[in-house]
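One letter stands for each residue in the lines below.
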Amino acid sequence: MKSISGKKLCKILEKSGWILTRIKGSHHIYTREDISTIIVIPVHGNKDLPIGTLKGILKDADLTEDDI
């Protein structure tokens, strides 16, 4: 799996229907009306997300590697 930055992942989530609810520090919090899950993405500039964090966020958002 390729690693991507938090900024890029935010754009991918927004394209798939997630809405940026709020920002607290460097964490962007996304929600979706039809799903009760809350997704938190750490955005630290253009620094890539750790693979485990990326996999967890993709699983929670119901996305696959092909979506990125």
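Preceding block: the structure.
Residues numbered from 1 in each chain as written. Predicted model: local features only at pLDDT ≥ 70, side-chain atom pairs only at ≥ 80, totals over all residues. Heavy atoms only, no water.

## Let's talk about helix 2 (residues 51-60)
Filter applied, for reference: Burial classification: accessible surface area is computed with a 1.4 Å probe over protein chains only, and a residue below 20% of its type maximum counts as buried, one above 50% as exposed, and the rest as partly exposed. What counts as a helix is a DSSP run of H or I of at least four residues, what counts as a strand is a run of E of at least two, and both are numbered from the N terminus. Each direction from the helix axis to a C-beta atom contributes to the arc, which is the arc of those directions.
Taken together, the buried positions of helix 2 are occupied by Leu54, Ile57 and Leu58. Summarising the axial view, the buried residues of helix 2 lie within an arc of 100 degrees, below the 170-degree limit, and thus occupy one face. The outward face of helix 2, more than 90 degrees from its buried face, is lined by the exposed residues Gly52 and Lys59.

## Quick notes on the nonpolar core
Note the cut-off: Side-chain atoms within 4.5 Å link the members of a nonpolar core, which is a set of buried Ala, Val, Leu, Ile, Met, Phe, Trp, Tyr and Cys residues. Residue contacts are counted whenever heavy atoms from the two residues lie within 4.5 Å of one another.
By size, the foremost hydrophobic cluster in this structure holds 16 residues, and its most contacted members are Leu9, Leu13, Tyr30, Ile39 and Ile41. Sorting the residues of this core by element identifies helix 1 (6-15), strand 3 (35-42) and helix 2 as the ones contributing at least two each. The element that contributes the greatest number of residues to this core is helix 1, accounting for four residues. Among residues more than four places away in sequence, those in contact with Leu13 are Trp18, Tyr30, Ile39, Ile41, Ala61 and Leu63.

## Some thoughts on a positive patch on the surface
Counted only if it meets this: Each patch is built from residues that are more than 30% exposed by relative accessible area and take part in no salt bridge. Like charges join if they lie within 9 Å; nonpolar side chains (Val, Leu, Ile, Met, Phe, Trp, Tyr) join within 5 Å. For every accessible area listed, the method is Shrake-Rupley and the probe measures 1.4 Å; residues are considered covered only by the protein chains on display. Salt bridges are counted wherever a side-chain nitrogen of Lys or Arg sits within 4 Å of a carboxyl oxygen of Asp or Glu. Counting rule applied: Lys, Arg positive; Asp, Glu negative; His and chain ends not counted. Just so you know, the charge point we use is NZ for Lys, CZ for Arg, CG for Asp and CD for Glu.
Residues Lys2, Lys7, Lys8, Lys11 and Lys15 make up a contiguous surface patch of positive charge. Residue position: Lys15 is located in helix 1.

## Concerning unusual backbone geometry
A positive phi angle is found at Asp62, which is not glycine, with a value near 65 degrees. Relative to the elements of secondary structure, Asp62 occurs in the segment after helix 2. With relative accessibility at 67%, the residue Asp62 sits in the exposed group.

## Focus on the sheet that holds strand 3
Backbone hydrogen bonds hold the strands of a sheet together, and the pairing may be parallel or antiparallel. The cut-off we apply is this: DSSP-based pairing: two strands are paired if at least 2 bridges between them are found. Interaxial angle, 0 to 180 degrees, is taken between N-to-C directions of lines fitted to C-alpha atoms, where a helix line uses only the stretch in contact.
Within the open sheet, the three strands sit side by side as 1-2-3. Their pairing is antiparallel. A single partner strand is all that each edge strand has here, and the edge strands are strand 1 (19-24) and strand 3. Averaged over all pairs of adjacent strands, the angle between strand axes in this sheet comes to 25 degrees, irrespective of strand direction. The strands touched by helix 1 within the sheet are strand 1, strand 2 (27-32) and strand 3, with strand 3 carrying the most contacts at an inclination of about 155 degrees.

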